[in-house]
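# Summary of structural features
Next come the chains, spelled out residue by residue.
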Amino acid sequence: MIDFGAIGQGLDLLFSSFGPWLVVVPGIVLGLIFGATPGLQISMAMAIFLPMTMYMDFIQAMLFLTAIFTGGSFGAGIPAILMNIPGTSSAIATAFDGYPMARKGQHNQALGIALASSVIGALMGYVVLFFMIQPLSYMVLRLGPAEMFVVILWGMTLIASLKGEQVLKGLIAGFIGLLVGTIGFSEIGLARGTMGQTYLLDGVPVIPAMMGMFAASELFKLANKGFIVESADARKVKISEIFEGCKMAMRYPVVMIRGGLIGVLVGAVPGVGSSVSNLLSYIETKRRDRDPDSFGKGNPKGVVASEAANSSSEGGSMATLLALGIPGGGATAVMLAAFAMHNITGGPQFIRQQTDVVYAIIFANFAQVFLLVIIGLLFIPLLANIVKVPMRFLIPSVLVLAVMGSFGLTGNMTGPATVLIFAVIGWIFRHYGYSVPAAVIGMLLGSLAEKSLLHSYQISGGDIMYVFERPVTLAIFALLLVSLFSQPLMKKLKARQEAAQL
């Protein structure tokens, strides 16, 4: 139920002085820079600048951190589109169609689509948060490890669709990624797949591996090219085409709404967040499309689906943080630290006692979304000029950036070594037609799937009937079966109808 009195008090907190708003624009710019720089994470930016919030009041601190969050969600899609390097794992699916668009000279339109989808997605996330913060918190509490495992299984089984007709190769690539994701210590303290190497005890660093498989392997393929975009005319940065891309995104409201809802629901699940939501949204959009084979070749719907989901997941993760005091991911974990620094505990009691503060945070995020439009439009043309850089300069620069970024993530040579090893693996995958995205998805979900399965086993005592006593698990499993078999059945029915007409 909406408390209109608390809304008024929240607006007073925001607009009684100009102080809280002084940190919003710098926060968005920092988020854009960290999100757009491969190897630098949004949560890293928030952690670096967290000590500064100690000298702010709580509202100003939250505005600063959420501004970094908002800017970073869009910023991560910029290198994904221009260089096939997802700035963070939340922009993996953005690269699937964004980069092929850039290769065709449609980089301006792709960036415009990403900006519009991010803005609308983030807006949707906070609208849902405004109206459904308490119902969402109750829904999240009903998702146990069994439900999480079925959701992950759903995503893993849909991996095959990323390679169109090559279903088997997609599944093999996903399974290899899943095995890589389980390297290192297990939940029960057993070391697997380390081959006696101590640096693998903590597992394979996923972000450096992702950078190697996506970016470095693609650069090997482009070594003989002059520019990312071959045509000199197509390399021009045009504001009019960026606006055209924004308009293009609005042609797919169903894709955007579906991605936004997936982002909110998945983002609300602790430990999952935008890294999974953008992939699920992309896969579901491709599965439902009349021309699924066009995905991966520059279909704008792929960019819309990914960006809407990863931005709307902000609202979902904030719902978990505010309503339950549980961080949905790395970024909200930093926000929880800011709560502790200001002697505030998130959860139902926080919502009841400081409802005005909750509404103030939500309304501040509405304003940040609109500011992102202005700042994003100023920021995009600067970065879009990367398509004008000759490959002989771009390839070594990007490789150096990837290696340095991976070193910053791991703090030792494990990161750079991982980038180079997985660059070779990625090149082999591409050469033989195996899905690089499927392998990366497997790596991202591997440890989470194992953890969920182990916790389900411990809770149930090994009794399989435990699953049948959980209606939510059965409902998700039913959706999994429907999504797997509905498309083949529809194709068979359509073929029969065409045969009957002949």
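Everything numeric here is computed off the predicted structure, so don't read it as measured data.

### Here we look at the overall build of the protein
The helix and strand inventory of the protein stands at 22 helices and two strands. Across the 502 residues that make up the protein, the buried fraction comes to 57%. Across the protein, every contact between residues at least 6 apart in sequence was considered, and the portion connecting residues at least 24 apart equals 80%. Total accessible area on the protein stands at roughly 21,600 Å², and carbon and sulfur atoms take up 67% of it.

### A few points about the packing of helix 19 (residues 414–431) against helix 20 (residues 436–460)
Contact geometry of helix 19 with helix 20 gives a least axis separation of 9 Å together with a crossing angle of 135°. Overall, the two elements helix 19 and helix 20 adopt an arrangement that is oblique. Between helix 19 and helix 20, the contacting residues are Phe422, Gly426, Phe429 and Arg430 on the first element and Val436, Ala439 and Met443 on the second. Taken together, the residues that form the contact of helix 19 with helix 20 break down as five nonpolar, one polar and one charged.

### Examining a nonpolar patch on the surface
A surface patch of nonpolar side chains, about 490 Å² in accessible area, is lined by Phe220, Val424, Trp427, Ile428 and Tyr432. No other element matches helix 19, which puts three residues into the nonpolar patch. Along the chain, isoleucine 428 turns up in helix 19.

### Comments concerning helix 11 (residues 239–249)
One turn of an α-helix holds 3.6 residues; hence residues three or four places apart share an orientation. When helix 11 is considered as a whole, its buried residues turn out to be Glu241, Ile242, Gly245, Cys246, Met248 and Ala249. Viewed along the axis of helix 11, the buried residues span an arc of 160°, placing them on a single side of the element. Looking at helix 11, the residues exposed on the side facing more than 90 degrees away from the buried face are Ser240 and Lys247.

### Some points on the environment of valine 472
Note on placement: valine 472 falls in helix 22 (residues 471–501). Of the residues examined, valine 472 reaches a relative accessible area of 26% and is grouped as partly exposed. Note: C-alpha distance between valine 472 and glutamate 147 (325 residues apart in sequence) is 6.9 Å.

### Let's talk about the environment of glycine 226
Tracing the backbone shows glycine 226 in the loop between helix 10 (206–221) and helix 11. The spatial distance from the C-alpha of glycine 226 to the C-alpha of methionine 391 is 5.5 Å, given a sequence separation of 165 residues. In this structure glycine 226 touches Pro390 and Met391, once residues within four positions along its chain are discounted.

### Section: the nonpolar core
For soluble globular proteins, the rule of thumb is that nonpolar side chains tend to be buried together. If you look at the biggest cluster of nonpolar residues, it comprises 87 residues, and the most contacted ones within it are Met46 and Met318. For this core, the element with the most residues is helix 17 (residues 355–384), which contributes 14 residues. Contact partners of methionine 46, with chain neighbours within four places excluded, come to Leu65, Ile68, Phe69, Ala331, Val334 and Met335. Judged by nonpolar contacts, the second largest core, of 36 residues, contains Ile152, Val180, Leu280 and Leu448.

### Here's the deal with the pattern of salt bridges
For the structure on display, the rule yields three salt bridges. Between arginine 287 and glutamate 284 there is a salt bridge, with the nearest N and O atoms lying 2.5 Å from each other. Residue arginine 287 and its partner glutamate 284 are both found in helix 13 (residues 274–288); the two are separated by three residues, about one turn of the helix. Judged on exposure class, the residue arginine 287 and its partner glutamate 284 are both buried. Glutamate 284 serves as the salt-bridge partner of arginine 288, at 2.8 Å between the closest nitrogen and oxygen. Taken together, the residues arginine 288 and glutamate 284, both in helix 13 and four residues apart, mark about one turn of the helix. Owing to a relative accessible area of 52%, arginine 288 belongs among the exposed residues under this scheme.

### Describing the packing of aromatic side chains
Per the stated rule, a full pass over the model turns up eight aromatic pairs. Between phenylalanine 363 and phenylalanine 366, the ring centres sit 5.8 Å apart and the planes meet at 65°, which makes this aromatic pair edge-to-face. Of the two residues, phenylalanine 363 and phenylalanine 366 are both situated in helix 17; the distance of three residues between them amounts to about one turn of the helix. Here a set of aromatic residues connected by ring pairs shows up, and it is made of Phe130, Tyr359, Phe363 and Phe366.

### Considerations on the side chain of asparagine 278
Structurally, asparagine 278 is set in helix 13. Here alanine 93 takes part through its backbone nitrogen, which lies 3.0 Å from a polar atom of the side chain of asparagine 278.

### Quick look at the side chain of aspartate 289
You can see aspartate 289 is positioned in the loop between helix 13 and helix 14 (300–324). Of note is the side chain of aspartate 289, whose polar atom sits 2.7 Å from the side chain of lysine 301. Those residues within four positions of aspartate 289 in sequence are excluded, and the remaining contacts are Phe295, Asn299 and Lys301.

### With respect to the packing of helix 2 (residues 24–36) against helix 4 (residues 58–75)
Two elements in contact, helix 2 and helix 4, have axes separated by 6 Å at closest approach and are oriented at 35°. Considering the relative orientation of helix 2 and helix 4, their crossing is right-handed. The residues of helix 4 that touch helix 2, namely those facing Val24, Gly27, Ile28, Leu30, Gly31, Leu32, Gly35 and Ala36, are Leu63, Phe64, Ala67, Ile68, Gly71, Gly72, Phe74 and Gly75. Residues belonging to the contact of helix 2 with helix 4 are distributed by class as follows: ten nonpolar, six polar and no charged.

Criteria and thresholds
- Residues numbered from 1 in each chain as written.
- Predicted model: local features only at pLDDT ≥ 70, side-chain atom pairs only at ≥ 80, totals over all residues.
- Heavy atoms only, no water.
- Helix = DSSP H or I, 4+ residues; strand = E, 2+ residues; numbered from the N terminus.
- Buried < 20%, exposed > 50% of the residue type's maximum accessible area, 1.4 Å probe, protein only.
- Contact = heavy atoms within 4.5 Å.
- Areas by Shrake-Rupley, 256 points an atom, 1.4 Å probe, with all protein chains shown as cover.
- Axes fitted to C-alpha atoms, helices over the stretch in contact; angles between N-to-C directions.
- Parallel < 35°, antiparallel > 145°, perpendicular 65-115°, else oblique.
- Nonpolar A, V, L, I, M, F, W, Y, C, P; charged D, E, K, R; others polar.
- Patch = residues over 30% accessible without salt bridge, like charges linked within 9 Å, V, L, I, M, F, W, Y side chains within 5 Å.
- Salt bridge = Lys/Arg side-chain N within 4 Å of Asp/Glu carboxyl O.
- Arc of directions from axis to C-beta.
- Core = buried A, V, L, I, M, F, W, Y, C linked by side-chain atoms within 4.5 Å.
- Phe/Tyr/Trp six-rings, centres within 6.5 Å; stacked < 30°, edge-to-face > 60°.
- Polar contact = N/O pair within 3.5 Å; in protein donor to acceptor, adjacent residues only side chain to side chain.
- Left-handed = near helix turned anticlockwise from the far one by under 90°.

This is a description of form; function is not addressed.
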